[in-house]
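The chain contents come next:
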2 protein chains.
Amino acid sequence: MNEVIKIAHGDGGKYTQMLIQQLFYKYFNNKLLLQAGDSTVLPSMEGTMAFTTDSFVVKPLFFSGGDIGKLAVCGTINDLVVSGAKPLYLSVGFIIEEGFSMQLLEKIVKSMGEVCIKAGVNIVTGDTKVVEKGAVDGIFINTSGIGQIINGYAIKPIEAGDRIIVTGGIGEHGTTIALERYDIKVQGEFKSDCDTLHPFIEELKEYFMSIKIMRDPTRGGLATVLHEFSTFYSLGIHLTEEHIPISEGVRVVNQLLGLDPLYMACEGRIVIVVKESEAERILKIIQSMVQGKEARIIGKFVKEPEDTIFIENYFGGKRILAQLDGNMLPRIC
Amino acid sequence: MNEVIKIAHGDGGKYTQMLIQQLFYKYFNNKLLLQAGDSTVLPSMEGTMAFTTDSFVVKPLFFSGGDIGKLAVCGTINDLVVSGAKPLYLSVGFIIEEGFSMQLLEKIVKSMGEVCIKAGVNIVTGDTKVVEKGAVDGIFINTSGIGQIINGYAIKPIEAGDRIIVTGGIGEHGTTIALERYDIKVQGEFKSDCDTLHPFIEELKEYFMSIKIMRDPTRGGLATVLHEFSTFYSLGIHLTEEHIPISEGVRVVNQLLGLDPLYMACEGRIVIVVKESEAERILKIIQSMVQGKEARIIGKFVKEPEDTIFIENYFGGKRILAQLDGNMLPRIC
């Protein structure tokens, strides 16, 4: 199949209809999408909703562990999950360069459909624009999402003593993209952690009262999320370096590249701040999940000094984790 | 102000926060946005919701009657309106080229904010990606929207005899963009019809039982919308040319350019199919509105021949309106 995307695929006419019916309906098959007009009428929903949006411009489009389509669906699902919401409905907006391979588009769309099925989420509305060669680098995707807030989840103020849990190895997505973008060959297998985090909602919903905040550490990585928390609540953070789950490979590659895994994007991890008294119990629940077996308590919030993140190493030495100033690696998501 | 967008404005860190606080919060100021985390929790809503998405890639970014920001907000609001929904919440996803003028970005954001205030809609969640020079042509915007279905509005099957109303002059957006894109100087003032159509919901909600379907004729214009209806319901359409509101300027310019206004995009018009018995009454209501004073009944659905659109001219001659095959003008929205 050597077909390519033509300008006419985006004109809203016959070719757009062909694309919708032959490609999108095939992989995003659901009753709501098939009935959609200019917008899609959703079944009525109890309680409150969460609403989020994200655009994806990752380069390369295909990488070990995923592709732009998987990333787009996971990214928006995960933004709902960390808001305490069960992800339900997604929209998808494609902006595609004229001449883009139809075969690659099908791979991307297929991979989006697969994640949706796994997560029990439906893509219910969409839009496709095709622009002339050179006006966009291949394909960009926007996904917006609607979820249903579970068990009245709400963010609660962080206090000194609260513990910080991460649900798995840090920096794997960012490191994988860096290696593939710069075409660096290294020993060992690197794979993005890109994954949908919807199972956490089910497992953690009974503990929402003890969870202060959840966040997926994407752009800017773990360090950036912690800096936001620390600044917002005028608290310090004390991290224990040896407790932060970072694979040997990720550690070594980042050292070689002069990068720091603490600032590298994750696309399948959650940072969870919990009450001290419930930290061990919540950690055990997370560790009992396939996606959480490497979870650790990595540190805690402290009163003094404000706005500063310390990391203590194995020998008791401390260093300060600075705020990210400039992009370590653009087009990571 | 000669500032430009830098890669760091999209890295999720300090500069992204500056952009959010100094620009987006300024023009999209609302309580829900200010409280937003990875997603935004919406107040609980009665009844059913409509959900829609659209990406905007229009070129030029600024045109007579609007800009890409106004177009993005109006476009998504209007998709909700023609679904019988009161528009409530929008998301916005920016993809911006490194080096893009901060001043132009502010103009775009300001214009989005103004339309939102006018339409009583809030932008409650957003995302900004910055890509390197050449990876995107200036700026692309995605807007997704949520609205509340009013008075149980639902699409009803079109039948022979149903009348077709358009709410105003046809082809003005498409013609304006064509003139500006190709830098064609003509006498007279051309202006996009880009506008938010939310007032129609209030005025028409009591007549929803007599309205079969509403559609905003954007890409592909009036002809494409009518072809979709005609094909879907296997009915013919009979149009009366002299009843189709097309300004003299639009008519002449399209003739000169070898284009047909019936296929040119509108961004502030609605095509409404209504029961024959209520057509005149609904037309009067529409004509009593500022945005509907040029509304006309332009034709009707007929049993025979199926799938064919006839236009009858002043002298009684008939021509067939073909389906759009290929794009008359890409990047129209």
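What this report covers is the structure whose coordinates are included nearby. Note that the coordinates shown come from a computational prediction; the quantities given were computed from them, not determined experimentally. (Residues numbered from 1 in each chain as written. Chains lettered and ligands numbered in written order. Predicted model: local features only at pLDDT ≥ 70, side-chain atom pairs only at ≥ 80, totals over all residues. Heavy atoms only, no water.)

**Let's talk about the pairing of strand 12 (residues 296-302) of chain A**
Residues and elements named next belong to chain A.
Moving on, step 1. The element strand 12 is largely enclosed, with a buried count of five among its seven residues.
Moving on, step 2. Here strand 8 (residues 163-166) pairs with strand 12 via four bridges, running antiparallel. Bridging across to strand 12, I164 finds its partner in G299.
Moving on, step 3. Direction of pairing for strand 10 (residues 236-240) relative to strand 12: antiparallel, over a ladder of four bridges. Looking across to strand 12, one finds that L239 is bridged to G299. (Buried < 20%, exposed > 50% of the residue type's maximum accessible area, 1.4 Å probe, protein only. Helix = DSSP H or I, 4+ residues; strand = E, 2+ residues; numbered from the N terminus. Pairing = 2+ DSSP bridges.)

**Digging into the pattern of salt bridges**
Moving on, step 1. Under the defined criterion, the tally for this structure stands at 40 salt bridges over all chains.
Moving on, step 2. D195 of chain B is the partner of K118 of chain B in a salt bridge, and the nearest nitrogen-oxygen pair spans 2.9 Å. Of this pair, K118 of chain B sits in helix 4 (residues 102-119) while D195 of chain B is found in the loop between helix 5 (172-181) and helix 6 (198-204), placing the two residues 77 residues apart along the sequence.
Moving on, step 3. Residue class for D195 of chain B comes out buried when judged on its relative accessible area of 18%.
Moving on, step 4. D162 of chain B is the partner of K212 of chain B in a salt bridge, and the nearest nitrogen-oxygen pair spans 2.7 Å. Remark: D162 of chain B occurs in the loop between strand 7 (139-149) and strand 8 (163-166) and K212 of chain B occurs in strand 9 (residues 211-215); sequence separation between them is 50 residues. In this structure, K212 of chain B and D162 of chain B share a single accessibility class: buried.
Moving on, step 5. Through salt bridges with shared partners, a single network forms among D54 and R219 of chain A together with D127 and K129 of chain B. (Salt bridge = Lys/Arg side-chain N within 4 Å of Asp/Glu carboxyl O.)

**Looking at the packing of aromatic side chains**
Moving on, step 1. One pass over the full model with this rule turns up 11 aromatic pairs over all chains.
Moving on, step 2. Between the aromatic rings of F51 of chain A and F51 of chain B, the centroid separation amounts to 6.2 Å while the plane-to-plane angle is 80 degrees, which identifies the pairing as edge-to-face. In this pair, F51 of chain A sits in strand 2 (residues 49-56) while F51 of chain B sits in strand 2 (residues 49-56), so the two residues belong to two different chains.
Moving on, step 3. Judged by its relative accessible area of 0%, F51 of chain B is buried.
Moving on, step 4. Each residue in the set F24, F28 and F94 of chain A is aromatic and connected to the rest through ring pairs, giving one cluster.
Moving on, step 5. Its end group placed over the ring of F310 of chain A, K318 of chain A keeps NZ or CZ at 5.5 Å from the ring centre.
Moving on, step 6. If you follow K107 of chain B out to its NZ or CZ, it ends over the ring of F62 of chain B, 4.7 Å from the centre. (Phe/Tyr/Trp six-rings, centres within 6.5 Å; stacked < 30°, edge-to-face > 60°. Lys NZ or Arg CZ within 6 Å of the ring centre and 35° of its normal.)

**A short note on the interface of chain A and chain B**
Moving on, step 1. Tallying the contact residues gives 71 residues for chain A and 71 residues for chain B.
Moving on, step 2. For the pair chain A and chain B, the summed buried surface comes to about 5400 Å²; carbon and sulfur atoms form 57% of the total.
Moving on, step 3. The largest share of the area that chain A buries against chain B comes from D38, F51 and R219 of chain A, three residues that together contribute 16% of it.
Moving on, step 4. Here D38 of chain A makes a salt bridge to R215 of chain B, at a shortest N to O gap of 3.1 Å.
Moving on, step 5. Counting every contact that joins chain A to chain B gives 29 residue pairs in polar contact (both at pLDDT 80 or more).
Moving on, step 6. Of the residues that constitute the side of chain A that touches chain B, the class distribution is 28 nonpolar, 27 polar and 16 charged.
Moving on, step 7. Pairing between strand 1 (residues 40-42) of chain A and strand 2 of chain B: three bridges, direction antiparallel. What sits directly across from L42 of chain A, in strand 2 of chain B, is M49 of chain B. (Contact = heavy atoms within 4.5 Å. Buried area = accessible area lost by both parts, 1.4 Å probe. Polar contact = N/O pair within 3.5 Å; in protein donor to acceptor, adjacent residues only side chain to side chain. Nonpolar A, V, L, I, M, F, W, Y, C, P; charged D, E, K, R; others polar.)

**Regarding the environment of Q22 of chain B**
Moving on, step 1. Relative to the helices and strands, Q22 of chain B resides in helix 1 (residues 14-27).
Moving on, step 2. For the pair Q22 of chain B and E106 of chain B, spaced 84 residues apart in the sequence, the C-alpha separation amounts to 10.0 Å.

**Some thoughts on the relation of the copies chain A and chain B**
Moving on, step 1. Taken as rigid bodies, chain A and chain B are interconverted by a rotation of 180 degrees and an axial shift of 0.0 Å, the fit giving an RMSD of 0.0 Å. Taken together, the rotation and translation describe the operation of a two-fold axis. Identified as the residue of chain A closest to the rotation axis by C-alpha distance is V136 of chain A, at 2.2 Å.
Moving on, step 2. Residue by residue, 100% of the interface of chain A is reproduced at the interface of chain B, so both copies engage with the same surface. (Least-squares fit on C-alpha atoms with pLDDT ≥ 70 in both.)

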